[in-house]
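Spelled out, the chains give:
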Amino acid sequence: MGAIGLVSGTVEKGYVGQLTTITIRVPIEIRRNPSKNGDVQPDYRVWSDGVECGAGWLRRSEASGKLYVSLTLEAPEFGPRRIYANLGRAAGQDNPDVYALLWNPAD
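These notes cover the structure that comes with them.

Conventions used here
Residues numbered from 1 in each chain as written. Predicted model: local features only at pLDDT ≥ 70, side-chain atom pairs only at ≥ 80, totals over all residues. Heavy atoms only, no water. Helix = DSSP H or I, 4+ residues; strand = E, 2+ residues; numbered from the N terminus. Rg over C-alpha atoms; globule rule 2.2 N^0.38 Å. Areas by Shrake-Rupley, 256 points an atom, 1.4 Å probe, with all protein chains shown as cover. Lys, Arg positive; Asp, Glu negative; His and termini not counted. Charge placed at Lys NZ, Arg CZ, Asp CG, Glu CD. 1 Å grid on protein atoms, 1.4 Å probe; cavity = no way out; pocket = protein on both sides within 12 Å on 5 of 7 lines; lining within 4 Å. Points joined across faces, edges and corners; volume = space filled by probe spheres on them. Nonpolar A, V, L, I, M, F, W, Y, C, P; charged D, E, K, R; others polar. Buried < 20%, exposed > 50% of the residue type's maximum accessible area, 1.4 Å probe, protein only. Pairing = 2+ DSSP bridges. Salt bridge = Lys/Arg side-chain N within 4 Å of Asp/Glu carboxyl O. Phe/Tyr/Trp six-rings, centres within 6.5 Å; stacked < 30°, edge-to-face > 60°. Lys NZ or Arg CZ within 6 Å of the ring centre and 35° of its normal.

**Here's the deal with the overall build of the chain**
Point 1. Check the secondary structure of the chain and you find zero helices and eight strands.
Point 2. The helix and strand sequence of the chain, counted from the amino end, reads β-β-β-β-β-β-β-β.
Point 3. Taken over the C-alpha trace, the chain has a radius of gyration of 13 Å; the compact-globule value for 107 residues is 13 Å, and the two agree within 12%.
Point 4. Judged by the C-alpha coordinates and their principal axes, the chain covers about 35 × 35 × 30 Å.
Point 5. Carbon and sulfur atoms make up 51% of the accessible area of the chain, which amounts to about 6,800 Å² in all.
Point 6. For the chain, the distance from the average site of its 12 positive side-chain charges to the average site of its 12 negative ones is 3 Å.

Written out as structure tokens, the structure reads:
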């Protein structure tokens, strides 16, 4: 899995950072979803420059039992496919509130 960005924040407050690929470099906000009222609805909404471009769900790791955020991103710039990513520890970062967007190819 390749890192396609960095964000900082917490599960409780949300995250802010940048989505970065070879052709895309945009600010990203992963905000808590205050209107969530069921298991199907996302825990987070993903925004870039005022445009909603995805959603995120809290998941629990089977191996460690720790919570992580699983993201689905979609926008015309990505073409007809969605981008899937998980927030994971960013390599080389001492700050525990910095996470990498780890690309999770669907294929």
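Having put the structure on the table, let's press on.
**Regarding the layout of surface pockets**
Point 1. The computed volume of the largest pocket comes to approximately 310 Å³.
Point 2. As for the largest pocket, its lining consists of Val11, Tyr15, Ser61, Ser64, Lys66, Leu67, Tyr68, Val69, Leu87, Gly88, Arg89 and Tyr99.
Point 3. For the lining of the largest pocket, the per-class residue count stands at seven nonpolar, three polar and two charged.

**Regarding unusual backbone geometry**
Point 1. Although it is not a glycine, Asp49 sits at a positive phi angle of roughly 50°.
Point 2. Locating Asp49 in the fold gives a position in the loop between strand S4 (44-48) and strand S5 (51-60).

**Description of the environment of Asn104**
Point 1. Tracing the sequence through the fold places Asn104 in the segment after strand S8 (98-103).
Point 2. In this structure Asn104 comes out as partly exposed when scored by relative accessible area, which is 31%.
Point 3. C-alpha separation for the pair Asn104 and Ala3, spaced 101 residues apart in sequence, amounts to 9.4 Å.

**Observations concerning the pairing of strand S6 (residues 67-73)**
Successive side chains on a regular strand alternate, one facing one side of the sheet and the next facing the other.
Point 1. Across the seven residues that make up S6, a large majority, five, are buried.
Point 2. Sheet topology places S5 next to S6; seven bridges connect them, and they run antiparallel. The residue bridging Arg59 from the neighbouring strand is Tyr68, located in S6.
Point 3. Once S5 ends, the chain turns through six residues before running back antiparallel as S6, passing Gly65 with a positive phi of about 80°.

**Details of the pattern of salt bridges**
Point 1. In this structure the tally under the stated criterion is four salt bridges.
Point 2. With its nearest N and O atoms 3.1 Å apart, the salt bridge here joins Arg31 to Glu29.
Point 3. Take Arg31: its relative accessible area is 35%, and that puts it in the partly exposed class.
Point 4. Among the residues examined, Glu29 registers a relative accessible area of 32% and is labelled partly exposed.
Point 5. Between Glu74 and Arg82 there is a salt bridge, with its nearest N and O atoms 3.3 Å apart.

**Quick look at the packing of aromatic side chains**
Point 1. Enumeration over the complete set of coordinates arrives at two aromatic pairs.
Point 2. For the pair Tyr15 and Tyr99, a centre-to-centre distance of 5.5 Å together with 85° between the ring planes defines the contact as edge-to-face. Pair noted here: Tyr15 is in strand S2 (residues 14-20) and Tyr99 is in strand S8, with a separation of 84 residues, a long-range link. Each of the two residues, Tyr15 as well as Tyr99, counts as buried.
Point 3. Over the aromatic face of Tyr44 sits the side chain of Arg32, whose NZ or CZ is 5.0 Å from the ring centroid.

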